[in-house]
Every structure is written in structure tokens, then in C-alpha cells.
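Next come the chains, spelled out residue by residue.
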Amino acid sequence: TPVIIIEDLNYRLFFTHSQKGKCFYCFEDISVATLDDDLCDVDHFFPHTLQPLIPEVNLDGVWNLVLACPRCNRGTNGKFARVPAIKYLERLEQRNNFLISSHHPLRETLIQQTGSTPEERHRFLAEIDKFAINHLIHRWETDAVGPEVF
């Protein structure tokens, strides 16, 4: 997974608030400040390696981006190009639906990228997950290092 540094303040706030300063996967404390030692990675939930296989889906879209600690994203037992476990998919769906229902400034973007109803968004994520696991085969999961906060 490529490492992306978030330079745009709106995206920093979007990710920081929605994840409460924690890694999406293990709940480790993370930072979005570029000079901090615990600077997070922006991870493609569904690995970016799938993009050439599904060019009609924007895997760089907000719907598919999460903040991850470097250990989870690219550490020894990191996610890399594996498909996250179903519990993380449910967390992603919950996060996206929450942001849409809260009228977040990125609401319309999320709707355009994933669907206008919860049912459409669920079906969209389920289809991408099925495609991803059929092509990448392996699921990935890590242990939580802190309490679940979102």
C-alpha cells in the first residue's frame, strides 16, 4: 500500500475526527502531524493493487481510505495487499454511514462513491469485498492494542 501524506486540512480533520486519533485497525494512538514520531499512514482499505482490475471503482475515494499505524499498514505482519477481516469491513461501513447521516461536508462525495441508501452502500461494499477476496485470496486481521472507540 502506498504511503500518502495528507496535506489538505479538511481531510486531516475528516480522518482525525472520525477515528478519534486511533488506528482504524488496532486502536493504537496515531497522529496526522507530519513531524510526529507516530505519524500515521493513509491506508487503502481495499488494496490499491486492485485498481487496474476495477478501473470503474475509485479506490482512492474517501470511502476506501482509513488512517492506520505503520505497524498495521506495512509492519512485519501488516496488511499490505491483503483484504481486511469482515469486522473491519463492518467498521468501514458504519463509519461511512455515520458521516453521511451526520451531514459531514464529505457527505455528498461519499454518497456519489458508494450509493444513496444504506442498502446500496452495503451492497457496494459487499461486491468490492467479494471481488477483492476472489483476487487477493488472503484476509488480514490484527490484535487490538486499545479499547474499541469508534
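Residues numbered from 1 in each chain as written. Predicted model: local features only at pLDDT ≥ 70, side-chain atom pairs only at ≥ 80, totals over all residues. Heavy atoms only, no water.

*Asks:* Quick rundown of the packing of helix H3 (residues 86–101) against helix H4 (residues 107–114)? Include the residues and the values.
*Replies:* Between H3 and H4, the shortest axis-to-axis distance is 8 Å and the interhelical angle comes to 130°. For the element pair H3 / H4, the angle class is oblique. The element H3 and its partner H4 pack so that their crossing is left-handed. Contact with H3, carried on its side by Asn 96, Leu 99 and Ile 100, involves Arg 107, Leu 110 and Ile 111 of H4 and no other residues of that element. Residue composition of the contact of H3 with H4, grouped by class: four nonpolar, one polar and one charged. (Axes fitted to C-alpha atoms, helices over the stretch in contact; angles between N-to-C directions. Helix = DSSP H or I, 4+ residues; strand = E, 2+ residues; numbered from the N terminus. Parallel < 35°, antiparallel > 145°, perpendicular 65-115°, else oblique. Left-handed = near helix turned anticlockwise from the far one by under 90°. Contact = heavy atoms within 4.5 Å. Nonpolar A, V, L, I, M, F, W, Y, C, P; charged D, E, K, R; others polar.)

*Asks:* Could you give an account of unusual backbone geometry, with specific residues and numbers?
*Replies:* One non-glycine residue with positive phi stands out, namely Lys 20, at about 55°. Position of Lys 20 among the secondary structure elements: in the loop between helix H1 (9–19) and strand E1 (41–44). At Phe 27, a residue that is not glycine, the phi angle is positive and equals roughly 70°. With respect to the secondary-structure elements, Phe 27 resides in the loop between H1 and E1. A relative accessible area of 4% places Phe 27 in the buried class. (Buried < 20%, exposed > 50% of the residue type's maximum accessible area, 1.4 Å probe, protein only.)

Any functional reading would require information that these geometric values do not contain.
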